[in-house]
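Results of the structural survey
Each chain, letter by letter, is given below.
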Amino acid sequence: MTTPLPAAPVPANGPVDTSPIALTPARGTDLDTIWSAVVPETRVRSNDIHLPVSLAYAERLCDAHPEADALLVRVAILLHDVGWGRVDESRIIAEGFTGDWRKAAIRYEHEKQGCEIAREVLPPLGYDDAFIEQVTAIIDGHDTRAEAYSLEDALVRDADRLWRFDHAGIALASGWFSMDPATYCDRLRAEIVPELLTQAAIEMALASLARSEALLKTDVLR
């Protein structure tokens, strides 16, 4: 069940962990059957890095917001970008990371395909129709819709952005946007931090960005 979204930035009701994300990989094995069902879709656009890291961040955000439906958040973040695996791969970088990239047709396509994949893989694993509808409501528009509809939607959106602040995310995404790491870090601070919807995510993002900038020597390599 979804939770109404308070005004942003939403304050945390639980602990906020700002340590390196590598110290807290995603917990448990309860989602492994979903992972196994979407292995081919993880091999596109570095989803096999993006999705596990984003899930780890999502679990931290759920710890900070125990009032949220953690299972819904975890399943939605795991599946939110699998749709990239069913679009024309040659268009992903050419259209999805240039110009007004948030409104690129390929981004709407990957959201639609992600919803279709969720509807394929979740029923055989025992998830009911109502839960699947909540998952697809989050996947649909996670890149292209301006607003979040619920706290769970907001946590997925924040987790999707948080991975970019880790040095692994910077290494990959800076190349997608044809930026050097220092310029990409500047963009994260100026454009992406203001998009975060929870105070916990803001604190995690800034702590991770500071570590990444120091590690990558962005003060001089620019």
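Just so it is clear, the structure is predicted and the values come from calculations on it, not from any experiment.

Looking now at the overall build of the protein chain. Regarding its fold elements, the protein chain presents 11 helices and zero strands. For the protein chain, the succession of helices and strands along the chain, N to C, is α-α-α-α-α-α-α-α-α-α-α. What you see for the protein chain is a C-alpha radius of gyration of 16 Å, in line with the 17 Å of a compact globule of 222 residues. Counting over 222 residues, the protein chain shows a buried share of 51%. If you take every contact in the protein chain between residues at least 6 apart in sequence, the share linking residues at least 24 apart comes to 76%.

A complete count under the given rule lists three aromatic pairs for this structure. Centroid distance tryptophan 163 to tryptophan 176: 6.0 Å. Interplanar angle 45 degrees. Geometry classified as tilted. Here tryptophan 176 lies in helix H9 (residues 167-176) and tryptophan 163 lies in the loop between helix H8 (151-162) and H9, a separation of 13 residues in the sequence. The same class applies to tryptophan 163 as to tryptophan 176, namely buried. A ring pair is formed by phenylalanine 177 and tyrosine 184, whose centres lie 6.1 Å apart and whose planes are at 25 degrees; its orientation type is stacked. By relative accessible area, phenylalanine 177 is classed as buried at 13%. Overall, tyrosine 184 belongs to the buried group, its relative accessible area being 0%. We note arginine 145 situated over the ring of tyrosine 149; from NZ or CZ to the ring centre the distance is 4.1 Å.

Our focus in this paragraph is helix H4 (residues 70-79). Count 3.6 residues to each turn of an α-helix, and residues three or four apart come out pointing the same way. In terms of burial, H4 is largely enclosed, as eight of its 10 residues are buried. For H4, the complete set of buried residues consists of Leu72, Val73, Arg74, Val75, Ala76, Ile77, Leu78 and Leu79. Against the buried residues of H4 lie helix H1 (32-37), helix H3 (47-64), helix H6 (105-121), helix H7 (129-139) and H8. The backbone nitrogen of leucine 71 has a side-chain oxygen 3.3 Å away, supplied by the residue at the start of H4, namely aspartate 69.

Attention shifts here to the nonpolar core. Grouped together as the largest cluster of nonpolar side chains are 58 residues, with contacts concentrated most on Val75, Leu79, Leu122 and Val135. In terms of residues, this core owes the most to one element, H3, which gives nine residues. With five residues, the next largest nonpolar core counts Val44, Trp84, Val87 and Ile106 among its residues.

To continue, consider the pattern of salt bridges. Side-chain pairing between opposite charges can occur once the charged atoms of the two side chains come close. A complete count under the given rule lists 17 salt bridges for this structure. Between arginine 43 and aspartate 48 there is a salt bridge, with its nearest N and O atoms 3.0 Å apart. Residue class for arginine 43 comes out exposed when judged on its relative accessible area of 55%. Here aspartate 48 falls in the partly exposed class, since its relative accessible area comes to 34%. Two residues, arginine 74 and glutamate 59, come together in a salt bridge whose shortest N-O distance is 2.8 Å. Remark: glutamate 59 occurs in helix H3 and arginine 74 occurs in helix H4; sequence separation between them is 15 residues. The network of salt bridges with common partners includes Arg27, Asp30, Glu59, Asp63 and Arg74.

So, about the side chain of glutamate 111. If you trace the backbone, glutamate 111 turns up in helix H6. Buried and unpaired, glutamate 111 has no salt bridge, with arginine 157 as the nearest side chain of opposite charge at 6.9 Å. Within the structure, glutamate 111 has its side chain in polar contact with the backbone nitrogen of glycine 141 (distance 3.2 Å). Within polar-contact distance, the side chain of glutamate 111 engages the backbone nitrogen of aspartate 143 at 2.8 Å. Every residue in contact with glutamate 111, bar those within four places of it in the chain, is listed here: Ile139, Asp140, Gly141, His142, Asp143 and Thr144.

Parameters and conventions
Residues numbered from 1 in each chain as written. Predicted model: local features only at pLDDT ≥ 70, side-chain atom pairs only at ≥ 80, totals over all residues. Heavy atoms only, no water. Helix = DSSP H or I, 4+ residues; strand = E, 2+ residues; numbered from the N terminus. Rg over C-alpha atoms; globule rule 2.2 N^0.38 Å. Buried < 20%, exposed > 50% of the residue type's maximum accessible area, 1.4 Å probe, protein only. Contact = heavy atoms within 4.5 Å. Phe/Tyr/Trp six-rings, centres within 6.5 Å; stacked < 30°, edge-to-face > 60°. Lys NZ or Arg CZ within 6 Å of the ring centre and 35° of its normal. Polar contact = N/O pair within 3.5 Å; in protein donor to acceptor, adjacent residues only side chain to side chain. Core = buried A, V, L, I, M, F, W, Y, C linked by side-chain atoms within 4.5 Å. Salt bridge = Lys/Arg side-chain N within 4 Å of Asp/Glu carboxyl O. Lys, Arg positive; Asp, Glu negative; His and termini not counted.

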